[in-house]
Every structure is written in C-alpha cells, then in structure tokens.
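# What the coordinates show
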Amino acid sequence: MTEDSVLKKWYLVFGGMLLGIILMVGVMTTARADSQSSLQRDFQKAAEKYQVPVKVLMAVSYNETRFENHNGKPSVAGGYGVMHLTDAASGDVSNAGKTTQSIPNTAVLHTLNKAAALTGISVTKLKTNDAANIAGGAALLADYQKKLGYVLSSDLNLWYGAVEKYSQDTTEEAAAFFADNVYRTIKTGVTKNGVTIAAQSVAPVKSQSESLKLVSMPTTTDGPEGLPIEWVPALYKEFDSQGDYGNYDLADRPNDGLKINYIVIHNTETTFDEATNLFASTPSYTSANYVISSEQGTIAEMVKPQNVAWHAGNWYINSHSIGIEHEGYAAVGGYWFTEAMYRSSAALVKYLAAKYHIPLDRQHIIGHDNVPGLTPANQKTMHWDPGTYWNWQHYFELLGVNFKDSQGDGNVVTITPDPAHNLTTDSGQTVTDDGVSLPLKGSNFVYLYKQPSFDSELIADKDFSNSTVGTTEKDDWADKAVTGQQFYKVGQSGDWTEIDYGGQAAWFYNPDNANTTAAAGKLVTPKNDKAIPVYGSAYPDNSILKKNKVTGTKATPLYEMPAGQKYVFGGEMTADYFNSHFNSNTAKNVIKENTKYVQVQFNHRIGFVKATDVDVVDQ
C-alpha cells in the first residue's frame, strides 16, 4: 500500500470521524445557543423593529416579570407574559376552579388591547407567545415616546419618560420608583432565563417626567424617600359606650417598651380597594400598618408603625410587629404576585427593618403562616398566607440577603428548594386545593415525611387536624418547611435529610443537599434530658397578669420540645403584655416581668420557650 493510499484511508476513517464530531459539537453548541438566547433575540428583533433601545426594553421586562412568562397565566393585576401586558377583561381570578374574585377594572389594566392595535398581533398570541408579547411591549414604549413628543432615540437615557409611562403609575413617586429601578437594572446588569443585560453607566434625563403631568403624593407617611406611599387612615373609634372600639390600638413603640421585633407578610385575599375600605370604613376589628397594591406597587399606610395594628391573630405578635398586606390570593398558583409589589414591599421592609433594628431573617420577617396561635385551639384556626407561591428567595434577595450563600459547615441548614430537585412530577408529589391540582412551579417549600421515602406518609400536626397523616393541601402548613427557614440537621439517609421539626423527626428529599444551604447559628435544646413546653407568646407569669387585672389571657403551652432535640435560636426577650385601652398610649399599658424567653423556629411557625428550661449552644 502506497503512502498516499494510507493517508487517504486514514483521512476517510479518522477524518470522517473528526468531521462528524465537529459537526455534532457544532449542532449541540448551536442548539444550546438557540435555547439560551432565543428570548434575547426576541428582545433584539422587537427593539430594532420599533426603534427602542434593547437594554431599555429588557430592563422594563425584568422589572415587570423578571423575564418570566408564567406559562400564559395572568398576574393578580391581570398582566400577561414577560412584558406584563394587562387585560382587565380577563382579570377574574379563579380560586382553583371553586370561586371567582374580580380584579378591579382600572386604566392600568388595558395595555394588551393597545399593544394588539399597535402591532396587529392578536390578543391571544400576545398573551401566550414570548416574541409577540415582547413586540407588544416595544410597540407600547415607542408609542409612549412619540406621544410625549420625543424622538425614537438610540440613546437609552432619553427614554425615562416613556419608561415611567409604561408603569401606568399616576403619581410622581410611583412612576419614578419604577423608572429608577429600570435604569438601576441597566447600571448593574443582570442575567436570567438566558437573557443578559450587560452593565452600563446611565444618566437618565429625569426632566422628561414633567411631560406626564403626574400628581405628587403627600410626604406625611413613614417610609423610604421615593417610595409611593399614601396616608389612608384606618378606622379608630369607639363603637359603643361599653368600651368596644377598633380597628387598632394607639401605642408609642418602641419608646413605651414594646420593641418591634417582626414584620408580618400577609396577602389580602381581596382587592386593594376592598382591603383598604375594610380597614378604613368598617368596624371590622382588623387592620394593617400598610397595604400594597399589585398593579403598581403603590402603598397605603393605614396605621403608623408606633401604633399596634390588629393583623396577626396573636396579641403578642401584634404588639411586637408591623403588618403588611399584599393584594393577592394565596391559593391561586397561576396568578402570580407582581414584581412591582415585590419591589415596593422589599424597599419598605428594608427601611422599617433598619429603623427598628429588625433582623433580616425568616424568624423576624415572617409570613402570617409563621405566626403561632396563643392556645392549641387558636393554632388550629391560624392563617396560612401568603401561601405556597410567595417567592421568599427573590423577596430576600431584594432585601440584600441570599439564602443560598453558605454560612457554615455545621448541622444548621437553611431550606432553599431547587426546582430541579423538589416537587418534580417524577416524584409523584402534588400541591392541591380541595383535591384540585395546583402548579408545582413556583412553590416555596419541601414536603416533610415520616420516613425517608416518597412512599412514606407525610407528617401531621395535632394542632392542624385530628389526622395523624399530612396532606398535599395548600393550607396544610404542618408538613411544609419553607424557603429561608432554618432547622437542625439530625442526619442523612441516601438522598434524604432528617431534621428536628415540631417535636418530631421529619425527612425531606435532598439529593446532594440540593434543597438546603449550610448555615450558621445557635441551637436551643431542653435542659436536664427533659421535655419542655413550647408557647405561642412570651407573656408574663399568670400571677402578674391577674395582679394587673388581665383576665382570660395566660401563657398556654402549644407543644412539647422533646429531650435531645435541637431548634434554631431566634433571639431572647423579656416577658411583657400590652394591656391596651382606647385613646391611651402610655407606657403604663405595657406590663413587664423578668421572665426570659427564647424564640425558636419550632415547626412551620415560630415558638417560644422559657430560658430557664433550655441550653443555648453553638452548633
């Protein structure tokens, strides 16, 4: 065989293999690039067609939805797709097929039809197709720019007014809050869902705001500068001559000795207007310090933080907390909370936490579902909002805290569910509402089992139901550990992690620690190898309450903490009781006693144990 024929044979065999490998790698690379950048290309095409700077278009989308299309489901505000195009006509929220609650038909909820008119694309396609939805958003921005009298400039700094208009906000503060966030996103850059906004210095021309002729909110509210907050006072009056009154209590926190330790996150289960009317106009015996709208993230301050709103269903927590209601419906998974609401809420919470020295963690920034009852009977009736679909991970990122940042290598773990390894269809796990399946995507918890197997029963809680077996129902808080909560890791069996939880041993699926992050923290364990009581408050001794003529109230155990179990420390406090009276905010209303309590993350809800009953140890 000649040298030429050998080389030819080598080329035919190995060269063909090499060419095949190159082609295969090229196809794989192209496919991967297509998958990762298709949304980015959609932004680029729409930006070019409608002559909108692509970074402006992408940053608007990020601040509306974080590039999430939510599978064509509308937000609580009736918005669709990555550009959050709103359609009031489709704004009825179905509670898993059982009841229907109407979204208010306001001007901000009609951008979808406007986009259809501008693009010639059908409303249906605008709702469900990413490229069409992005084109609709670009067309709206271009239309706003022209109607404000500005050219379709390639200079992204010259689009501030159009961005404000896109928010549909009607006040200077709210529109500027949205636009400032958009330009901040461009300045810092972001990568998500295959879309990258490269960081770029910006100097937006904010004088364009004058063309919008927006109204200004009064500045008598308690919140950070620039946040759209309006004073809408809750009802405060006597209802009869027998001392009956509502809907909140005067106080002088923290000067009167009532330290503000918690911020409680609620959702309204009704519209923003209905919630504010309930607190402001009706003898409802309920209120919140703040209510936040889903449409624009605007805020109604209704009870000053120094006063005590009636919101938590636990008088001790009321006395030591600020309650924030968010317009939305906890049970309706497809109808997502809006980014505008998340951002306004996070800005408010960050301000309040700094002002009142509240730790930014999940034992102090808590959901209503984390508030314990004062008695076992109360525990059974406690609320479970903001529910399965409140995005605690994203919310805390907006607060400057990332739960997925490892803080140690001990036995304290933070629950950080990974969608690729939690509540997957392959596992057979479901989330239900009276047996009707809800979406798995966007859920914020891990299920807790009696044994390390999907075939095992879920754990149960005596103070949730009489059953000894947990359920997949959305309001069954007993078998759900939620994002950001921390527990003591007892051990590992294959892909399953065991934790101490509510006086039980609880297991959850955690392959390669995909659903947890190592954390630091102190641990609380019973002294003297003896089970101890767990309370829903840090109230003074019953004798002290009786001495001060407080009747019908006493520190009542909810559970026992078994000997040997360990729970994550949440702080120490001295016992007190707020003995409120109408039209009185004197410090004499605060009954104090020297008993010390220690707070723990006991189960889904926080709990309190007497300091004399426990040892607090480093892990």
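## Some thoughts on the overall build of the protein
- Each helix and strand counted, the protein has 13 helices and 32 strands in total.
- Taken against the 2.2 N^0.38 rule, which gives 25 Å for 619 residues, the C-alpha radius of gyration of the protein at 27 Å falls within 12% of a compact globule.
- Judged by the C-alpha coordinates and their principal axes, the protein covers about 105 × 75 × 45 Å.
- Going through the 619 residues of the protein one by one, you find that 55% of them count as buried.
- Contacts spanning at least 24 positions in sequence make up 70% of the contacts within the protein whose residues lie at least 6 apart.

## Brief notes about the side chain of D461
- In this fold, D461 is placed in the loop between β20 (445–447) and β21 (480–482).
- Only 3.0 Å separates the side chain of D461 from the side chain of Y559, close enough to count as a polar contact.
- Residues in contact with D461, not counting those within four places in the same chain, are W477, A478, Y559 and N603.

## Describing helix α10 (residues 339–356)
- Between the first and last C-alpha of α10 there are 25 Å, a value that for 18 residues agrees with the 26 Å anticipated at 1.5 Å per step.
- Following α10 by one or two positions, H357 adopts a phi angle in the positive range, close to 60°.

## Examining the packing of aromatic side chains
- Per the stated rule, a full pass over the model turns up 35 aromatic pairs.
- On the basis of an interplanar angle of 80° and a centroid distance of 6.0 Å, the ring pair of Y316 and Y539 is categorised as edge-to-face. In this pair, Y316 is assigned in helix α9 (residues 315–319) and Y539 in the loop between β27 (532–535) and α13 (542–547), connecting sequence segments 223 residues apart. Y539 carries the same exposure label as Y316, and that label is buried.
- On the numbers, 5.1 Å between centres and 70° between planes, the contact of F337 with W390 is edge-to-face. Linking F337 in the loop between β15 (321–326) and α10 with W390 in the loop between α11 (376–381) and α12 (392–398), this pair joins segments that are 53 residues apart in sequence.

## Here we look at the environment of I260
- As for its position among the elements, I260 is in the loop between β10 (248–249) and β11 (262–267).
- With residues near it in sequence (within four places) discarded, I260 still touches R253, P305, H320, S321, I322, Y356 and I358.

## Remarks on the packing of helix α3 (residues 111–119) against helix α5 (residues 130–147)
- Look at α3 against α5: their axes get within 9 Å of each other, and the N-to-C directions meet at 85°. In this view, α3 runs roughly perpendicular relative to α5, as classed from their interaxial angle. Contact residues: T111, K114, A115, L118 and T119 in α3; A135, G136, A139, L140, D143, Y144 and K147 in α5.
- Residue classes in the contact of α3 with α5 are distributed as six nonpolar, three polar and three charged.

## Some words on the sheet that holds strand β22 (residues 486–493)
- Across the sheet, five strands lie side by side as β24-β23-β22-β17-β25; this open sheet has antiparallel pairing. Every other strand in the sheet has two partners, leaving β24 (504–509) and β25 (516–519) as the edge strands with one partner each. Between one strand axis and the next, the sheet turns by 45° as a mean value, whatever way the strands run.
- For β22 and strand β23 (residues 496–501), the ladder comprises four bridges, and the chain directions are antiparallel. When the sheet's bridge partners are listed, G491 is paired in β23 with E498.

## A few points about the confidence of the model for the protein
- With 90% of its residues at a pLDDT of 70 or more, the protein has an overall mean of 91.
- Overall, residues 1–36 carries pLDDT values under 50, and its contacts beyond four positions in sequence, including any with other chains, amount to nine contacts.
- Scored below 50 in pLDDT, residues 90–105 makes 44 contacts in the model with residues more than four places away or belonging to other chains.

## A few points about the environment of A531
- Relative to the helices and strands, A531 is located in the loop between β26 (522–526) and β27.
- Owing to a relative accessible area of 33%, A531 belongs among the partly exposed residues under this scheme.
- Those residues in contact with A531, other than ones at most four positions away along the chain, are E560, M561, P562 and A563.

Conventions adopted
- Residues numbered from 1 in each chain as written.
- Predicted model: local features only at pLDDT ≥ 70, side-chain atom pairs only at ≥ 80, totals over all residues.
- Heavy atoms only, no water.
- Helix = DSSP H or I, 4+ residues; strand = E, 2+ residues; numbered from the N terminus.
- Rg over C-alpha atoms; globule rule 2.2 N^0.38 Å.
- Buried < 20%, exposed > 50% of the residue type's maximum accessible area, 1.4 Å probe, protein only.
- Contact = heavy atoms within 4.5 Å.
- Polar contact = N/O pair within 3.5 Å; in protein donor to acceptor, adjacent residues only side chain to side chain.
- Expected span 1.5 Å × (residues − 1).
- Phe/Tyr/Trp six-rings, centres within 6.5 Å; stacked < 30°, edge-to-face > 60°.
- Axes fitted to C-alpha atoms, helices over the stretch in contact; angles between N-to-C directions.
- Parallel < 35°, antiparallel > 145°, perpendicular 65-115°, else oblique.
- Nonpolar A, V, L, I, M, F, W, Y, C, P; charged D, E, K, R; others polar.
- Pairing = 2+ DSSP bridges.
- pLDDT = per-residue confidence, 0-100.

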